[in-house]
Amino acid sequence: YIQDFEVFEGWKKDNSYKTFLSDDKTPPVVYSFRARTDTLDNQVNYAIEKRSIILRKDKADSYFKVTNLEKGIKKLSFKWRKWSSGDASAQIQIIVGDKVIGTIDTSKEKTDDVQPFVIDVPEDARGKDSFEIKPTVGGARIIIDDIMWSNK
């Protein structure tokens, strides 16, 4: 469960996309992401709650991935929103193991309001030890936060 990204050791605000590997406090789970982290500053607050990350398919794919889930995953949820209501539309894939289990089409939302996403992982993917959230269409900026998963 990640309520806000400030809990990550070594967190730093960065307006470029970089890969962070962190959270040595809760082994063996490994969190990795290639995303913008400049969601909160003195002028503008783009975060959903405290701090968030921004995913955008660009020259290098951005993603958020959790690996080494010993007991697999049965349910996944997170909050997302567009950077702005006028942003280009995107698709966000939810991948468990190597199987795409869901897709969010942001064109259905004409607003930058926070949207909840919840999915029950299909039976044949529940034993996998990883999940990933990643955009598949270039240009649009998607903010994600409050990522939760369960194996029950």
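Note that the structure is predicted; figures quoted are calculated from it, not measured.

Caption draft 1: Examining the sheet that holds strand β5 (residues 75-82) more closely. Ordered in space as β3-β10-β5-β8, the four strands form an open sheet in which the pairing is antiparallel. Each edge of the open sheet is held by one strand with a lone partner, namely β3 (53-55) and β8 (115-120). Across the sheet, the mean angle separating the axes of adjacent strands is 35° when strand polarity is ignored. Here β5 pairs with β8 via six bridges, running antiparallel. From the neighbouring strand, Ser77 faces β8, where its bridge partner is Val118.

Caption draft 2: Here's a closer look at the packing of aromatic side chains. One pass over the full model with this rule turns up five aromatic pairs. Seen in terms of ring centroids, Phe33 and Phe64 are 6.0 Å apart; in terms of plane orientation they differ by 35°. Their pairing is tilted. Of this pair, Phe33 sits in strand β2 (residues 30-35) while Phe64 sits in strand β4 (residues 63-67); the two residues are 31 residues apart in sequence, bridging distant segments of the chain. Pair check on accessibility: Phe33 and Phe64 agree, each one buried.

Caption draft 3: Looking closely at unusual backbone geometry. For Lys50, which is not a glycine, the phi torsion comes out positive at approximately 60°. With respect to the element layout, Lys50 can be found in the loop between β2 and β3. Of note in this structure, Asp146 is not a glycine but carries a positive phi near 50°.

Calculation rules
Residues numbered from 1 in each chain as written. Predicted model: local features only at pLDDT ≥ 70, side-chain atom pairs only at ≥ 80, totals over all residues. Heavy atoms only, no water. Pairing = 2+ DSSP bridges. Helix = DSSP H or I, 4+ residues; strand = E, 2+ residues; numbered from the N terminus. Axes fitted to C-alpha atoms, helices over the stretch in contact; angles between N-to-C directions. Phe/Tyr/Trp six-rings, centres within 6.5 Å; stacked < 30°, edge-to-face > 60°. Buried < 20%, exposed > 50% of the residue type's maximum accessible area, 1.4 Å probe, protein only.

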